[in-house]
Amino acid sequence: PQQLLLHKHDNTFPLGFRVDRVPPNLYAVVIGSGIGGLAAAALLSKAGKKVVVLEQHDHAGGCTHTFQNKDFEFDVGIHYLGQLHENSLLKVALDQITEGQLQFVKLEQHYDTVLLGQPDHCREYHIHAGKTEMAACLKRQFPEEEEAIEKFMKLMKHASRRAPLIAMLKMLPYQVVNFLIQTGLLDKISSVFRLATTSHSEMMSRLTQNKDLRALSAYLFYGVPPKESSFLINALLLHHYKRGAYYPYGGASEIAFHIIPVIKQAGGEVLVRAPVQRILINSQGKAYGVTVLKGQQEIEVHAPVVISDAGIFNTFQKFLPQHIQENSEIKSLLGLLRHGMGSFLVFVGLDGTKEELNIVSKNFWMYKGNDLDLL
């Protein structure tokens, strides 16, 4: 729980969908106003393109939006971000899509506490930020595991440096990528590809038999147990906070608040209460717009580019025409995916200042045991 104060605005300012509010001569339609949709729209807007973002909710921002209740403002998704030190790639990117207006506050060096076990027998561990302090802190808590921690940190650093190679695969023709995979040449290019396809549990079992240390290496739990998640992803998550954790000044709603004016400045718009029903496909198989449900009527919004930030299942199983949904290749690819674990959130408002309540700027992660594969 943390005290959250109202500030001078909230993110209900985007207009509701109406035909006369859709800008003319659009370059792109973006489905969904999550951070991916807003970022794509903002970058296109910075390039001088006119974009409309359509959001079915009455708030924009996706997991960055907030809601208010009894004089408290609650975040629904953002609790902290990493890699926001000066001149970092993420800091530069966020400055670009917000015109440098979004500010962050750095959490304490000890930014996470992990509790493992039942209340009557609970072990407490600390995670510290810092290029050398993260490893040093773990070594102080696991003095007999120094070698394993050192190896893990080296793998984490290697994962961070070579992760762009994963992204580069997206730029190559599918046939080339398939050839590299089938022939085994991909693994010879870089070991990062093996890290991506090795489960976290498998890799950690090679490094240590200490179950508490294994749990700490995957405590940033995102709905997929370590035995089913990529070691690369877990390593990148920890590395993401190596230089510290940051919180947006004024709350998570500041993110959308400062991105949307960039979209509007280029003649674009962000419209809420705009439930997209279908992506329109012409006889050549190209998208040329979407339909939006307004009352009982479907309104067409046309643009030569359609970007979906509504998730792969919604996009392929709901928005696209039936003949595309039934395409064997698409069905095969979707069959490889499944939804992560469900969760629920409890929001608590505390009456008092941070100083009065002695609230610290750190997070607490509590697990009933040290085997996260059993959760």
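Refer to the structure printed above.
Residues numbered from 1 in each chain as written. Predicted model: local features only at pLDDT ≥ 70, side-chain atom pairs only at ≥ 80, totals over all residues. Heavy atoms only, no water.

(A) Spotlight on helix H4 (residues 146-169). In a regular helix each residue adds 1.5 Å, so 24 residues correspond to 34 Å; H4 covers 35 Å between its end C-alpha atoms and thus fits that length. Of all the bends found along H4, the most pronounced is centred on Arg-161 and spans about 40°, while Pro-164, a proline, follows it within four residues. Listing the buried residues of H4 in full gives Ala-148, Ile-149, Phe-152, Met-153, Met-156, Ala-159, Ala-163 and Leu-169. (Helix = DSSP H or I, 4+ residues; strand = E, 2+ residues; numbered from the N terminus. Expected span 1.5 Å × (residues − 1). Bend = angle between axes of the 7 residues up to and from the residue. Buried < 20%, exposed > 50% of the residue type's maximum accessible area, 1.4 Å probe, protein only.)

(B) Region of the structure containing the sheet that holds strand E1 (residues 15-16). Spatial ordering of the open sheet is given by E1-E10-E3-E2-E14, a layout of five strands whose pairing is parallel. At either margin of the open sheet sits one strand with a lone partner, and together these are E1 and strand E14 (305-308). Where strand E2 (residues 28-31) meets E14, four bridges bridge the pair, whose relative direction is parallel. Bridge assignment links Ile-31 to a residue of E14, and that residue is Ser-308. The sheet strands contacting helix H1 (residues 35-46) are E2, strand E3 (51-54), strand E10 (269-272) and E14, and the helix crosses E3 at an angle near 170°. (Pairing = 2+ DSSP bridges. Contact = heavy atoms within 4.5 Å. Axes fitted to C-alpha atoms, helices over the stretch in contact; angles between N-to-C directions.)

(C) Structural detail: the nonpolar core. Counting residues in hydrophobic clusters, the biggest one holds 44 residues, and the most contacted among them are Tyr-111 and Tyr-219. Element by element, the count of residues in this core is highest for H4, at seven residues. In this structure Tyr-111 touches Tyr-80, Ile-127, His-128, Ala-129, Met-134, Tyr-219, Tyr-241, Ala-245, Lys-362 and Asn-363, once residues within four positions along its chain are discounted. Among the nonpolar cores identified, the runner-up in size contains 26 residues, and Leu-38, Ala-42, Val-51 and Ile-78 belong to it. (Core = buried A, V, L, I, M, F, W, Y, C linked by side-chain atoms within 4.5 Å.)

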